[in-house]
Amino acid sequence: MSNSSAAQKSVVWDWLTTVDHKKIGIMYFLAGLFFFTIAGIEAMLIRIQLMFPEMAFLGEQTYNEVLTMHGTTMLFLAAMPMFFGFMNFVTPLQIGARDVAFPFVNSLGFWLFLFGGLLLHVSYFTGGAPDAGWTAYAPLSTTSEGQGVDYYILGLQVSGAGTLMSGINFLVTIVNMRAPGMSMMRMPLFTWTTFVTSMLILFAFPALTVGLLLLMLDRTFGGAFFDIGLGGNVVIYQHLFWIFGHPEVYILILPAFGIFSEVISTFAKKRLFGYSAMVFATMIIGFLGFMVWAHHMFTVGMGPVANAIFAVATMAIAVPTGIKIFNWLLTLWGGRIKFTTANLFALAFIPSFVLGGVTGVQLAMSAADYQFHDTYFVVAHFHYVIIGGSVFGIFAATFYWWPKMFGYRLGEGLGKIFFWLFLIGFHLTFFIQHFLGLVGMPRRVASYLDGQGFNEMNLISSLGAFMMAVAFIFLVVNVIVSRKNTTNVTDPWDGRTLEWATTTPVQEFNFAQTPLIRDLDALWYEKMNGNGKIKAAEPLDEIHMPNGSILPIIMSSGLVVASFGVIYEMYLLIALGLLINFGCMFVRSIKEDHGYHIPVSEIKKQGGES
Amino acid sequence: MKHLLRLLPFSLIALLAGCGVENLSALDPRGPVAEMQLNLIQLSLYVMIFVIVVVFSIYTFVLIKFRERPGDTHIPKQVHGNRALEFIWTTIPILLLLILAVPNIMDTFTLAETPSMSATEADGEEGEGQEGMVEGEDFITVQATAHQFWWEFEYPNLDINAGQDLYIPTDRRVEIVLEASDVVHSFWVPALGGKMDNVPGITNEMWLEAPEEGIYFGKCTELCGASHWLMDFKVVAVDGDTFDVWAANMAEPDEAVVSGEAAGEAAVEGREVFESNCISCHAVGDEGSPTGPNFTNFGERQVVAGFLEPTDENLHDWIRDPQSLKPDNEMPAFSEDQISDDEMDALIDYITELKVLEED
Amino acid sequence: MAQPAHTLPAHPEKATLEGKNKYLGFWFFLGGETVLFASLFGTYLALRGSTADAPGPADLFHLELVFIMTMLLLTSSLTSVFAVISMKKGSFKGMIMWMWLTVALGLGFLGFEIYEFYEYNHLGLGYTSSAFASSFYSLVGTHGAHVTFGIGWIITLLIRYRKAGITLTNASKFYTAVLYWHFIDVVWVFIFTVVYLLGVGA
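Residues numbered from 1 in each chain as written. Chains lettered and ligands numbered in written order. Predicted model: local features only at pLDDT ≥ 70, side-chain atom pairs only at ≥ 80, totals over all residues. Heavy atoms only, no water.

The name an unreviewed UniProt entry assigns to chain B is Cytochrome c oxidase subunit 2, from the organism Alkalicoccus urumqiensis. UniProt, in the comment section headed Sequence similarities (unreviewed entry), describes chain B in these words: "Belongs to the cytochrome c oxidase subunit 2 family." Quoted verbatim from the Function (unreviewed entry) field of UniProt, the annotation for chain B is "Subunits I and II form the functional core of the enzyme complex. Electrons originating in cytochrome c are transferred via heme a and Cu(A) to the binuclear center formed by heme a3 and Cu(B)." (UniProt positions renumbered as here; feature names shortened; annotations may be inferred.)

Looking at an unreviewed UniProt entry, chain A carries the name Cytochrome c oxidase subunit 1, with the source organism given as Alkalicoccus urumqiensis. As recorded by UniProt, the Subcellular location (unreviewed entry) comment attached to chain A reads in full: "Cell membrane". The UniProt entry for chain A carries this comment under Pathway (unreviewed entry): "Energy metabolism; oxidative phosphorylation."

Here it is, written out as structure tokens:
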């Protein structure tokens, strides 16, 4: 039954079929970075178009397409997957697990995300990308000409299915696969935020699935959900979208909160202040995230009672968020703060995110929101929380976990240039947009007329965006030139959590012996109270590993084929695609795959650990 | 980070003093609704500046005081947490939020209370402290229907249909009933008050008031297609008497103006061109279709098509090729085969003389 | 691998880590499915009055038919419970027998549903007739698709393991299939109440 290791297979085949959470994590990260670059270029196109009044750089239709793709790609295909990369790589290590609960499903989740994202981008070459905004409000989306919006619907449906699967995988992994001694209240904050984020994914994404389904039924199959003449109601879509959409923004911010908790605590050399308060604040934010969706719809005419209730519920989120901010500050208090690039991003996050948070409270005030809504004030707000929160989190994590993931350290010098350029560029771009909104500039405008007092502020904003683009180049250069920094990569930051107790590169089985956890910050505890090495919870024995599989790629391709069938209304193609998909499920179901075992001799040879 | 903190209150004041364009900025309110909202914004700003000051002070102190100094290798004390502190920074934010929540809820209800609701309440007895408002005397009702990409303003009780320019009296409140004919739009006049959506199939209501005469910028704020950015309109606030004259003339325009006779021979010829080409979409007075904007007071338009200066040249270009100026709008192009250059001049003569208010 | 039945633990479906993972993961999955159906229910409730010129609930629904369908599905849920009881008793034959019965009842339900849709279409309620029509067919149709998938799944398991006996591997597979079947059943109870009873009542 031990049909031995994957050594004889080719490297490409190995990556295509891998079910190793570390490889999948790396693929998630790189695919996310790829889409991040595309969406970043789209952002630059937007800022060039808006640099001067009445520019004809893009044209209205193209602008709307670029705008839609920028938002959609950043949220679904860049930020989330990059977080998923870290979650996949780090979470099992942090809880001392050999693997995730469903390695096969994990791989399927990745390929669905990637194929869905690529499918969405095919639209650029087939007559136009989606143009109804990332929110795709009906009936603008249901009446949009061409196939752009169909690509949006199907692309997100396919990648969303992948996201949902990954979410379930993380949940079960965290509940069932923790090493002995790793109680829930000893889990690192990043693992906790992964858990709560996955909960949000589980309960939020099905609402999006239905929202997109209704759009698809209306567009392709003649449904009447949003057809006013047949009694349809377009506000239903807005509710469904935001029931998903608001939790989605917490899906984007909670992992970043987890990352900052790890990074700040590591570089202040202190245990996280108020650990249990932090955990509960995370859960409360996750819970409230489902209670506030309608604050995106204050102007849609829900009436004063609904508006007042949702306003108060939204404001309430400021409380647990405030708790977190103060706990981070108190973690720093009395510490020995080291200003590495990773920590710089974490530290810059605090004031940036506070600025985004206070405008969030302002936006929560329904009566005032009648002025803010759908203006550049909102654009400024959500870029402050998404860049100041999520993107800073991604960059902090990139510098923090890069050595573990890729086996070399990113250069600190180039890293700091990147950081400062990015930070200043970011504030330059978005701070001024608050005022642009207040002096009357609506969002999602393809241009603006001269003489309305928008010119100077837009120019400043665009210049800031250029700075951010230049900063990003420094990151790319850093990734390329730092490849020789391969020393001190096992535990470069004097880490506190279990992932730093593994070898670099991490062995495919993570831990030769399942670790025994004796306290929060398991590694730090052993460094202070033990010999600096994690105790083993079991004797050295052969390790069971799952087999790789090519089925996830075939299944994902099947769904892409079916999607093309829907987009171009070719029913045979739909049938073929579904046949491929269900066929794979059938094969998977009837073929019992028990994996293989790595013998003790092999573990000793690989590990060199006792 | 600290410099941002110091900038905040000052920049707001600077902006209030004049940044942004007059009658467009939400920071320079010209009516009670916008004022109420600006007060709320300012209140929240002050509370939030307090929060920012507290957080940034602790932050700056911590970063300076506890930075790693060269040669320092001590292990900091591993603190678990502090119940009292957690309690404090849970309670104080709740109190701050209450300061914001209470006036916000009051304002939300005030803004939802349209004049006609007050009028209904006043029918019987005193309606919960609201003074009874009488349609026509204390307020007027306008139905604002949004189309891709223009605004139709109907005055149901005055029998008026107007396009693009919303005329309102300074001595009365305005109840605005919002509808949409195609996709979702949103009605926003920043200087007069916050917005509300025009949703197909749904009727929304809001109210505004403009005590000062003036021309206010209005915008569509919900992405509605390619020319979303050009879906502007103007609110023209005039004194009550002028408004009544305007309303009377809009409802029953002078026959001589409608026929072009008042403006001379070219205009009469233009009227013929109008009747054979334009009247299937545009109306003057009772004659014509409401498919496109109403032309009864076209000569008094602030801008044409929502954004063009009303010059003869612009009108000419617009009629010849509206798509290149405002993509995806519903207006067809008229080539020289359909309207010759001479006819075009006559047409422009005619429509620019369509006025309902006397010239100054 | 196959162990003799009498040595199986009390909960064979959760005896291995794999089985435990599958069990928990499937519960989470059903949580997501709940939101999916809740969204469809919400849509239906918002649109059930929007019949345009097409027939509405009161013109179409006959409780006799729906009652038979409900009974079929509820009974199939019961037989699947008996299957699990058999599994826990170690009776492979009993389990297989009860599962086949479940499948048969499910097929009966599906047949009636197809007949029902055919009939409504005949009465003038096409998918594109009104917002009510679209939301009704989408909600009930999604449930029907779940039933279809469930039947396919269980049949696959029954054929694959027709001679295998109860093992630690297939116990969790049968168990999750039964969980899924119960879920479908619960959703149907809500459809029966919200769509049919409310529809006829109004």
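There's plenty left to go through after this.
1. Section: the side chain of Glu499 of chain A
Residue and element names in this part refer to chain A. By the secondary structure assignment, Glu499 is in the loop between α16 (455-481) and β1 (515-516). No salt bridge is formed by the buried Glu499; the nearest opposite charge belongs to Lys404, separated by 8.4 Å. At 2.8 Å, the side chain of Glu499 and the side chain of Thr497 are in polar contact. If we ignore the near neighbours within four places in the chain, the residues touching Glu499 are Val90, Leu93, Gln94, Tyr400, Trp401 and Lys404. (Helix = DSSP H or I, 4+ residues; strand = E, 2+ residues; numbered from the N terminus. Buried < 20%, exposed > 50% of the residue type's maximum accessible area, 1.4 Å probe, protein only. Lys, Arg positive; Asp, Glu negative; His and termini not counted. Salt bridge = Lys/Arg side-chain N within 4 Å of Asp/Glu carboxyl O. Polar contact = N/O pair within 3.5 Å; in protein donor to acceptor, adjacent residues only side chain to side chain. Contact = heavy atoms within 4.5 Å.)

2. Digging into the packing of aromatic side chains
Tallied over the entire structure, the rule returns 103 aromatic pairs over all chains. Both rings, one in Phe61 of chain B and one in Phe66 of chain B, keep their centres 6.3 Å apart while their planes meet at 90 degrees; by these two values the pair is edge-to-face. Positioned above the aromatic ring of Trp188 of chain B, the side-chain terminus of Lys195 of chain B is 4.2 Å from the ring centre. Lying across the ring of Tyr23 of chain C, Lys14 of chain C places its NZ or CZ 4.4 Å from the centre. (Phe/Tyr/Trp six-rings, centres within 6.5 Å; stacked < 30°, edge-to-face > 60°. Lys NZ or Arg CZ within 6 Å of the ring centre and 35° of its normal.)

3. Examining a nonpolar patch on the surface
Residues and elements named next belong to chain A. Where nonpolar side chains cluster on the molecular surface, the patch consists of Ile473, Val476, Val477, Ile480 and Val481 and spans about 420 Å² of accessible area. The residue Ile473 is located in helix α16 in this model. On the basis of relative accessibility, which here comes to 52%, the residue Ile473 falls in the exposed class. (Patch = residues over 30% accessible without salt bridge, like charges linked within 9 Å, V, L, I, M, F, W, Y side chains within 5 Å. Areas by Shrake-Rupley, 256 points an atom, 1.4 Å probe, with all protein chains shown as cover.)

4. Examining the domain arrangement of chain A
Residues and elements named next belong to chain A. Structurally, chain A comprises domain 1 (188-268 + 270-335) and domain 2 (338-505). Put simply, the middle of domain 1 and the middle of domain 2, counted by C-alpha atoms, are 20 Å apart. A combined buried area of about 2,600 Å² lies between domain 1 and domain 2, and 78% of that area is made up of carbon and sulfur atoms. When the area that domain 1 buries against domain 2 is broken down by residue, the three leading residues are Phe260, Thr266 and Phe267, summing to 26%. Our count for the domain 1 to domain 2 interface comes out at 0 salt bridges. Where domain 1 packs against domain 2, one counts 6 residue pairs in polar contact (both at pLDDT 80 or more). With 12 residues, the top contributor of residues to the side of domain 1 that touches domain 2 is helix α8 (residues 235-267). (Domains from an automatic or database assignment. Buried area = accessible area lost by both parts, 1.4 Å probe.)

5. Remarks on the environment of Lys219 of chain B
If you trace the backbone, Lys219 of chain B turns up in strand β9 (residues 214-220). Between the C-alpha atoms of Lys219 of chain B and Val55 of chain B, which are 164 residues apart in sequence, the distance is 37 Å. In this view, Lys219 of chain B contacts Gly440, Pro442, Gln452 and Phe454 of chain A together with Leu24, Trp151, Ser186, Phe187, Trp188, Met231, Asp232 and Phe233 of chain B; residues no more than four positions away in its chain are not counted. A distance of 3.2 Å separates polar atoms of two side chains, one belonging to Lys219 of chain B and the other to Asp232 of chain B.

6. Here's the deal with the pattern of salt bridges
It is possible for side chains bearing opposite charge to pair when their charged atoms get close. Residue and element names in this part refer to chain A. One pass over the full model with this rule turns up 25 salt bridges over all chains. Residues Asp150 and Arg219 are paired through a salt bridge, measuring 2.7 Å at the closest nitrogen-oxygen approach. Of this pair, Asp150 sits in helix α6 (residues 148-176) while Arg219 sits in helix α7 (residues 189-221), and the two are 69 residues apart along the sequence. This pair shows no difference in class: Asp150 is buried, exactly as Arg219 is.

7. Digging into the interface of chain A and chain B
Accessible area lost during the coming together of the parts is what is often quoted as the interface size. The interface of chain A with chain B comprises 101 residues on the first partner and 90 residues on the second. On the chain A side of the contact with chain B, Phe326, Arg336 and Gln371 of chain A bury the most area, a combined 10% of that side's loss. Applying the counting rule to chain A against chain B returns 2 salt bridges. For Glu68 of chain B, the salt bridge goes to Lys338 of chain A, with nearest N and O atoms at 3.5 Å. For the pair chain A and chain B, the interface holds 31 residue pairs in polar contact (both at pLDDT 80 or more). Ranked by the residues each element gives to the side of chain A that touches chain B, the list is headed by helix α12 (residues 341-364) of chain A, at 11 residues. A breakdown of the residues in the side of chain A that touches chain B according to their chemical character gives 62 nonpolar, 26 polar and 13 charged. (Nonpolar A, V, L, I, M, F, W, Y, C, P; charged D, E, K, R; others polar.)

8. Considerations on the state of the cysteines
All names here are of chain B. This structure, assessed with the given rule, holds 0 disulfides over all chains. The thiol of Cys220 is not disulfide-bonded; the next cysteine sulfur, from Cys224, is found 3.9 Å away. Its relative accessible area of 1% is what places Cys220 among the buried residues. With no disulfide of its own, Cys281 lies closest to Cys278 among cysteine sulfurs, the gap being 8.8 Å. Looking at Cys281, the relative accessible area reads 27%, which means it is partly exposed. (Disulfide = S-S within 2.5 Å.)

9. Observations concerning the UniProt feature "transmembrane region" (unreviewed entry) in chain B
All names here are of chain B. The positions UniProt marks with the feature "transmembrane region" (unreviewed entry) are residues 43-66 and 87-106. Here residues 43-66 is 96% helix and 0% strand, with 35 Å between the C-alpha atoms at its ends. Between the C-alpha atoms that bound residues 87-106 the distance is 29 Å, and the span itself is 100% helix and 0% strand.

10. Points about unusual backbone geometry
In this structure, the amide linkage connecting Ala138 of chain A to the following residue, Pro139 of chain A, adopts the cis form with an omega of 0 degrees. Within the secondary structure, Pro139 of chain A is located in the loop between α4 (103-122) and α5 (140-143). Backbone torsion omega between Thr504 of chain A and Pro505 of chain A reads -5 degrees, so that peptide bond is classified as cis. Among the structural elements, Pro505 of chain A can be located in the loop between α16 and β1. The residue Asp494 of chain A is not glycine, and still its phi comes out positive at about 55 degrees. With respect to the helices and strands, the residue Asp494 of chain A is situated in the loop between α16 and β1. The backbone of Asn23 of chain B shows a phi angle near 65 degrees, a positive value even though the residue is not glycine. Position of Asn23 of chain B among the secondary structure elements: in the loop between α1 (2-17) and α2 (32-65).

11. Some details on the domain arrangement of chain B
Residues and elements named next belong to chain B. Under the domain assignment, chain B is made up of domain 1 (23-66 + 82-122 + 132-252) and domain 2 (255-351). For domain 1 versus domain 2, the distance between C-alpha centres works out to 33 Å. Facing 20 residues of domain 1, the contacting portion of domain 2 comprises 21 residues. Surface buried jointly by domain 1 and domain 2 totals about 1,700 Å² across both partners, of which 53% is contributed by carbon and sulfur atoms. Our enumeration of links across domain 1 and domain 2 arrives at 0 salt bridges. Linking domain 1 with domain 2 are 5 residue pairs in polar contact (both at pLDDT 80 or more). Contributing elements (two or more residues each) for the side of domain 1 that touches domain 2: β2 (150-155), β3 (160-163), β4 (165-169), β10 (232-238) and α5 (240-251).

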